Amino acid sequence: MDRRRGRPSSDLEVNSSGSKRSRTETGTSRTNTAVLRRGVRGSTDSSSRDPYSRPGEILLTHLKVPRRYEQRHLEHNIKVSRPKYLASFTRIKGDSKSWKLGGMPPVYKDPKTGTSLLDEYQDYKEPEDDSTLDFVTNTLRQNSTTKSLLSTFRGFVSFRNNLNKILATPYLRNEYHIHATKTEEGWIRLDVVKTPDPLDDRSRRFMYMGRRFEEICTKHPPDTQQNDDEAGSSMEKHREHCVVVRAKIGDHEMLLGAEIDCIGPRRREEEGEEATRDDGENVWIELKTSVYQESERQRISFQKYKLLKFWIQSYLVGVPLIKCGFRKDHILKEVETFETLKIPRMARDKGGWNGNVCLNFASEILKFIRKNVKDPSKVYRISYSAPWDSIRMYVSPR
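Reference entry: report on the structure contained in this document. (Residues numbered from 1 in each chain as written. Predicted model: local features only at pLDDT ≥ 70, side-chain atom pairs only at ≥ 80, totals over all residues. Heavy atoms only, no water.)

1. Some thoughts on the overall build of the chain
Across its full length, the chain holds eleven helices and 17 strands. Looking at the 398 residues of the chain, the share that counts as buried comes to 49%. Contacts in the chain between residues far apart in sequence, at least 24 positions, make up 71% of those at least 6 positions apart. If you sum the accessible surface of the chain, you get close to 20,900 Å²; carbon and sulfur atoms cover 45% of it. (Helix = DSSP H or I, 4+ residues; strand = E, 2+ residues; numbered from the N terminus. Buried < 20%, exposed > 50% of the residue type's maximum accessible area, 1.4 Å probe, protein only. Contact = heavy atoms within 4.5 Å. Areas by Shrake-Rupley, 256 points an atom, 1.4 Å probe, with all protein chains shown as cover.)

2. Thoughts on the environment of Lys219
Inspection of the secondary structure assignment puts Lys219 in strand β9 (residues 218–219). The spatial distance from the C-alpha of Lys219 to the C-alpha of Lys109 is 6.8 Å, given a sequence separation of 110 residues.

3. A few points about the packing of helix α5 (residues 160–168) against helix α9 (residues 296–317)
Where α5 contacts α9, the axes come no closer than 9 Å and their chain directions differ by 125 degrees. As judged from the angle between their axes, α5 and α9 are oblique. Here α5 runs over α9; the crossing is right-handed. For the pair α5 and α9, the contacting residues are Arg160, Leu163, Asn164, Leu167 and Ala168 in the first and Ile312, Gln313, Leu316 and Val317 in the second. (Axes fitted to C-alpha atoms, helices over the stretch in contact; angles between N-to-C directions. Parallel < 35°, antiparallel > 145°, perpendicular 65-115°, else oblique. Left-handed = near helix turned anticlockwise from the far one by under 90°.)

4. Things to note about empty space enclosed by the protein
Within the structure shown, the criterion is met by one cavity of 30 Å³ or more. Residue lining of the largest cavity: Val80, Ser81, Pro83, Leu167, Ala247, Lys248, Ile249, Met254, Tyr315, Leu316 and Leu359, and that is the complete set. Going through the elements one at a time, β3 (80–92), β10 (239–249) and α9 are the ones with two or more residues in the lining of the largest cavity. In terms of residue class, the lining of the largest cavity is made up of nine nonpolar, one polar and one charged. (1 Å grid on protein atoms, 1.4 Å probe; cavity = no way out; pocket = protein on both sides within 12 Å on 5 of 7 lines; lining within 4 Å. Points joined across faces, edges and corners; volume = space filled by probe spheres on them. Nonpolar A, V, L, I, M, F, W, Y, C, P; charged D, E, K, R; others polar.)

5. Comments concerning the pairing of strand β2 (residues 58–64)
Within a regular strand, side chains alternate between the sheet's two faces. Within β2, six of the seven residues are buried, which leaves the element mostly enclosed by the surrounding structure. Where β2 meets strand β17 (residues 390–397), six bridges bridge the pair, whose relative direction is antiparallel. Bridged to Leu63 within β17 is Ile391. (Pairing = 2+ DSSP bridges.)

6. Considerations on the pattern of salt bridges
Using the criterion set out here, one finds 19 salt bridges in the structure. With its nearest N and O atoms 2.6 Å apart, the salt bridge here joins Asp201 to Arg205. A residue pair is termed a helical-turn pair when its members lie 3 or 4 positions apart in one helix, as Asp201 and Arg205 do in helix α6 (residues 201–216) at four residues. Judged by relative accessible area, which is 37%, Asp201 ranks as partly exposed. Classification of Arg205 by relative accessible area gives partly exposed; the value is 29%. Across the salt bridge formed by Glu253 and Arg246, the nearest N and O atoms sit 3.0 Å from each other. We classify Glu253 as partly exposed; its relative accessible area is 28%. (Salt bridge = Lys/Arg side-chain N within 4 Å of Asp/Glu carboxyl O.)

Below you can see the structure in the form of structure tokens.
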């Protein structure tokens, strides 16, 4: 708000260093000015500060991130299309040659409470993350109903993980970096900039407990014809079933790849059927873990942070149900089911975040990317990190 004139300032305009703009376009934030001084257009010293920088990288432009009191104009409804399933593929994490078109996710089963989520932790080894967006594009090109889609598509192609980060930007100060490239066909590719897994034992334990919860909540579908040895093998534990969906936020179309943890009963529960085919009628389920809530502080933290992440991840690709295992230390205490579409109302009442703010600002970020990512011979890095006042875009040779 411009206090002197009693009118809102422009929070979402793209600003480029070195350009002259009006006060309403650039705002009066001293912090933004400092950001630009640290990396003005043409500067190539970002590598000394940023471990994710590329050789010859320069700061191109930035987009201001509105603070909480500046978000009122983002609370209106925005048109969002229901995600449409296009295709699926399976792969084994750590085996780049294991990609296979089709397949189906495991089936949900109720886990036993009282189970330790650290069982077999000492023998577990996390495979190398070899995921690449080529899995998604190959799936689209080899699937009979989508093989010509990319030749005419003009939107964004990405894994869901990138959009998770983008939607959470107004509320979470989590550092992220995304590589954007314009393809010769005309669509924009968003690649995950991978970060190393944490080495400390505490973080590795948390990661493992989430994976262990997935293991005890799933069983393989009858038509996979796997014996018990195969189902319990290290290779099978790292098998991932992923889908590709078509979605739209505002004016921005997206093709998103996402892992589906498992499937549950059909929506027609009165029939007593369980899903046995990936035919578009199955209920996708996201599996999550969180600390067992014993205090008001823990409940507020869960609603403010965890539910935001749960909602974003499931909403983006149309996962309707989330099964959350609450653990005390490493012991599973209970499992609660959340309906994705009901979470924002819960959060507005108690968590202090608004889903419309996430969606509207995500639309502005995608607009920002589309406006600036133009040259197929360049790589553009979208970066959000301290001091958390702007999303910066760097450019370097491809």
